[in-house]
Every structure is written in C-alpha cells, then in structure tokens.
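Working through the structure, step by step
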Amino acid sequence: MMKNPFHPGEILSEEFLKPADTTQTAFAKKIDWTRPKLNAFIKGKHGVTADSALDLAKATGTTPKFWMNLQATWDLAQALKKRKAA
C-alpha cells in the first residue's frame, strides 16, 4: 500500500483537468455536477461514491473501478494514520 496516496480529487485535477486545460466549471457541466460539488471533491472534502465513479469514468475514459480503487486506497491510508496516532 502506498504510504501517502493522493486523494482521488487531486488525481482528477492533476492528471485529467490540468493536462486537458479544462476548468472546473466546464468539467462540472460535462458530468452534470455543480461546480461547488466538484471543487469540494478536488479539495478532498468528499470522496468517490459508486455513482460519482460512474460519472468520472465516463468523462475521463477510465473505469469506475479505477476511481473506486483510488478512494479505497485513500480511505485505508487515512484509517492507518488514525490508528497509528491513537
């Protein structure tokens, strides 16, 4: 497991939106999300759900499993950090 994985929102921003020179507003419209919802996701305030994984996969040419795996990796890393801190 990665020691410090990236949040899926950061992956979306850095690996998909920035290289394509796509704004959050344009991408939010493309996937039928509000801009605040997308921004909260990119900032790591919200995670990937099964429904959002379907939206993200369709818009990025990836698979829903890709997004769910990123989220699971993130969640496990956060849980481990909490346990080590306790």
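Coordinates for the structure precede this section.
Because the structure is predicted, anything quoted here is derived from the model rather than measured.

**Description of the packing of helix α1 (residues 8–17) against helix α5 (residues 64–85)**
Running from N to C, α1 and α5 point in directions that differ by 130°, and their axes come no closer than 9 Å. By the criterion of interaxial angle, the relationship of α1 to α5 is oblique. Contacts from Pro8, Ile11, Leu12 and Phe16 of α1 reach α5 at Phe66, Trp67, Leu70, Gln71 and Trp74. Class assignment for the residues of the contact of α1 with α5 results in eight nonpolar, one polar and no charged.

**A short note on the environment of leucine 12**
Turning to its location among the elements, leucine 12 is positioned in helix α1. Taking the C-alpha atoms as reference points, leucine 12 and leucine 38, 26 residues apart in sequence, are found 10.0 Å from one another. When residues no more than four places from it in sequence are discounted, the contact partners of leucine 12 are Leu17, Phe27, Leu38, Phe41, Ile42, Leu56, Thr60 and Trp67.

**Considering unusual backbone geometry**
At aspartate 21, a residue that is not glycine, the phi angle is positive and equals roughly 55°. You can see aspartate 21 is positioned in the loop between α1 and α2 (24–30). When its relative accessible area of 71% is taken as the criterion, aspartate 21 is described as exposed.

**As for the side chain of histidine 7**
For histidine 7, the location among the structural elements is in the segment before α1. A relative accessible area of 5% means that histidine 7 is categorised as buried. At 2.8 Å, the side chain of histidine 7 forms a polar contact with the backbone nitrogen of glycine 9. In contact with histidine 7, other than residues within four places in its own chain, are Phe41, Gly44, His46, Gly47, Gln71 and Trp74.

**Things to note about the side chain of threonine 60**
Its place among the elements puts threonine 60 in helix α4 (residues 50–60). Within the structure, the side chain of threonine 60 is placed 2.8 Å from the side chain of threonine 62, a separation counted as a polar contact. Contact partners of threonine 60, with chain neighbours within four places excluded, come to Leu12, Phe16, Phe27 and Trp67.

Rules behind the numbers
Along each chain, the written sequence defines residue order, and numbers are assigned to residues from 1. Only residues with pLDDT of 70 or above have their local features reported here, since the model is predicted, and side-chain atom pairs are shown and tallied only from 80 upward, although totals for entire chains, interfaces and linings are computed over all residues. Note: side-chain values were computed over all heavy atoms of the structure, leaving out hydrogens and water. To get an axis, fit a line to the C-alpha atoms, keeping to the stretch in contact for a helix; angles then go from 0 to 180 degrees between the N-to-C directions. We count a stretch as a helix when DSSP gives it H or I for four or more residues in a row; a strand needs E for two or more, and each element gets its number in order from the N terminus. Roughly parallel covers angles under 35 degrees, roughly antiparallel covers those over 145, roughly perpendicular covers 65 to 115, and oblique covers all other angles. Residue contacts are counted whenever heavy atoms from the two residues lie within 4.5 Å of one another. Note on residue classes: Ala, Val, Leu, Ile, Met, Phe, Trp, Tyr, Cys and Pro are nonpolar, Asp, Glu, Lys and Arg are charged, and everything else, Gly too, is polar. For every residue, the accessible area obtained with a 1.4 Å probe (protein chains only) is divided by the maximum for its type, and the residue is called buried under 20%, exposed over 50%, and partly exposed between those limits. Under this definition, polar contacts are N or O atom pairs within 3.5 Å; protein pairs additionally need one hydrogen-donor-capable and one acceptor-capable atom, and for neighbouring residues in sequence, both atoms have to be side-chain atoms.

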